[in-house]
Amino acid sequence: MFNILPWKLYEADVERFWVHYGLLILGAVIVIITAIFQWAKPAPYGKHESVSSNWGCAIPQRLGHIFSDATPGVLLFLLVFFLYGKARGYANYTFLALWLCHYIHRGVLHPLMMRYKSSKVAFGITFAGFIPNCLFHFVNADFVGNAEYDSNYYYDPRLIVGLVLYVIGFTINRWADWKLRSLRSQKGDYKNGSTGYYIPYGGLFELISCPNYFGEFVEWIGWTTATWSLAGLVWMLFGAATFFTRSRHNHQWYKANFEFYPPNRKALIPWLF
Ligand SMILES: NC(=O)c1ccc[n+]([C@@H]2O[C@H](COP(=O)([O-])OP(=O)(O)OC[C@H]3O[C@@H](n4cnc5c(N)ncnc54)[C@H](OP(=O)(O)O)[C@@H]3O)[C@@H](O)[C@H]2O)c1
């Protein structure tokens, strides 16, 4: 039989129920605020670093990314899953593994290997990423650590389609970040100061300016579909609030800075946006 909700969560624990759903409501409010502010102005790092300098003292960029992404994405997630979570089925462990695949890469490997223009970032930017990450990562770890999935969920189309989307998005995101990284090594020795920006070509870059954001967006759509959760949904919407707005600013930045920027490219979604 097809269950609209293939899991049970906190049926006998009113307190935890309201902590979970209360944080989801707070998350939804943060999504709306993020979308409004980032649509108006890009967060001042990378290409948009010079937009504002009122974000506090400078800290090492690599350390900033590790702090804002690995602390909540790996450490907090593991603590919540194992110490606060009670459900221990194959689905719970599958979701834990998927999340860690993304965040061990994004929170540790990615910051160590990327070739940033600037070695420093304002602490305020790091902190502005860290706080919402803690909230969204807590609710997702809370959900996948406590939801009791139906025993036959392993052949449910939501899980299968979600996993396929997750893997496709993950692959696109990694490929696009690798391609951006390779731009600086192609143009000269990075260590000798090649920190400029170049037009990326090839693959999805022929259609959109930000395939790295597109890939991650597809990944979180897959996560939401596979977990079939509101926690996944608010996290995916938070990603969308960043990806749509920042890709729009990046796209405008490319057009303003490169006279011959390919005119048919879109910002984030091929042929549409
Ligand atoms: N889940 C979320 O809410 C969220 C939010 C933001 C980002 N992310 C993820 O985090 C990762 C990095 O995001 P990001 O915003 O830092 O991406 P980004 O602005 O595209 O930059 C990625 C890297 O490529 C370099 N780069 C970008 N465009 C370049 C060009 N035209 N020529 C040469 N180098 C270029 C950047 O250098 P500079 O640093 O010197 O600009 C940086 O090292 C992505 O995988 C993204 O999906 C997730």
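Residues numbered from 1 in each chain as written. Predicted model: local features only at pLDDT ≥ 70, side-chain atom pairs only at ≥ 80, totals over all residues. Heavy atoms only, no water.

### Some thoughts on the overall build of the protein
Inference 1: Secondary structure assignment for the protein yields seven helices and four strands.
Inference 2: Put simply, the protein runs from its N terminus to its C terminus through helices and strands in the order β-α-β-α-α-β-α-β-α-α-α.
Inference 3: The C-alpha radius of gyration computed for the protein amounts to 19 Å, which stays within 12% of the reference 19 Å derived for 273 residues, consistent with globular compactness.
Inference 4: Expressed as a percentage of its 273 residues, the buried residues of the protein come to 51%.
Inference 5: Considering only contacts within the protein whose residues lie at least 6 apart along the sequence, 84% involve residues at least 24 apart.
Inference 6: Carbon together with sulfur atoms contributes 69% to the accessible area of the protein, which is approximately 13500 Å² in total.
Inference 7: Averaging the coordinates of the 23 positive side-chain charges in the protein and doing the same for the 15 negative ones gives two points 11 Å apart. (Helix = DSSP H or I, 4+ residues; strand = E, 2+ residues; numbered from the N terminus. Rg over C-alpha atoms; globule rule 2.2 N^0.38 Å. Buried < 20%, exposed > 50% of the residue type's maximum accessible area, 1.4 Å probe, protein only. Contact = heavy atoms within 4.5 Å. Areas by Shrake-Rupley, 256 points an atom, 1.4 Å probe, with all protein chains shown as cover. Lys, Arg positive; Asp, Glu negative; His and termini not counted. Charge placed at Lys NZ, Arg CZ, Asp CG, Glu CD.)

### What to know about the UniProt feature "transmembrane region" (unreviewed entry) in the protein
Inference 1: Residues annotated by UniProt as "transmembrane region" (unreviewed entry) correspond here to residues 20-40, 66-84, 121-139, 159-176, 197-214 and 220-245.
Inference 2: Between the C-alpha atoms that bound residues 121-139 the distance is 28 Å, and the span itself is 89% helix and 11% strand. (UniProt positions renumbered as here; feature names shortened; annotations may be inferred.)

### Some details on the domain arrangement of the protein
Inference 1: Domain boundaries assigned for the protein yield domain 1 (54-154) and domain 2 (156-273).
Inference 2: For domain 1 and domain 2, the distance between their C-alpha centroids amounts to 19 Å.
Inference 3: A buried area of about 2600 Å², summed over both sides, lies between domain 1 and domain 2, and 65% of it is on carbon and sulfur atoms.
Inference 4: Considering only the surface of domain 1 that becomes buried against domain 2, His-102, Arg-115 and Tyr-153 emerge as the three largest contributors, covering 30% of it.
Inference 5: Put simply, domain 1 and domain 2 have zero salt bridges between them.
Inference 6: Where domain 1 touches domain 2, the interface holds 15 residue pairs in polar contact (both at pLDDT 80 or more).
Inference 7: Where the side of domain 1 that touches domain 2 is concerned, the elements lending two or more residues are α3 (90-113) and α4 (123-146).
Inference 8: By residue number, the principal contributor to the side of domain 1 that touches domain 2 is α3, which donates nine residues.
Inference 9: Along the lines of polarity and charge, the residues of the side of domain 1 that touches domain 2 split into 16 nonpolar, seven polar and three charged. (Domains from an automatic or database assignment. Buried area = accessible area lost by both parts, 1.4 Å probe. Salt bridge = Lys/Arg side-chain N within 4 Å of Asp/Glu carboxyl O. Polar contact = N/O pair within 3.5 Å; in protein donor to acceptor, adjacent residues only side chain to side chain. Nonpolar A, V, L, I, M, F, W, Y, C, P; charged D, E, K, R; others polar.)

### Considering the environment of Phe-67
Inference 1: One can find Phe-67 in helix α2 (residues 61-84).
Inference 2: A residue is classified by how much of its surface remains accessible, and Phe-67, at 30% relative accessible area, is partly exposed.
Inference 3: Setting aside anything within four residues of it in sequence, one finds Phe-67 in contact with Pro-72, Thr-126 and Phe-130.

### With respect to the site of the ligand
Inference 1: Near the ligand you find 25 residues, and of these Tyr-45, Lys-117, Tyr-197, Tyr-213 and Glu-216 are the closest.
Inference 2: Between an oxygen atom of the ligand and a side-chain N or O atom of Asn-173, the distance comes to 3.0 Å.
Inference 3: Interatomic distance of 2.9 Å between a side-chain N/O atom of Tyr-254 and a nitrogen atom of the ligand.
Inference 4: Its free accessible area being 890 Å², the ligand has 94% of it covered by the protein chains. (Near = heavy atom within 4 Å.)

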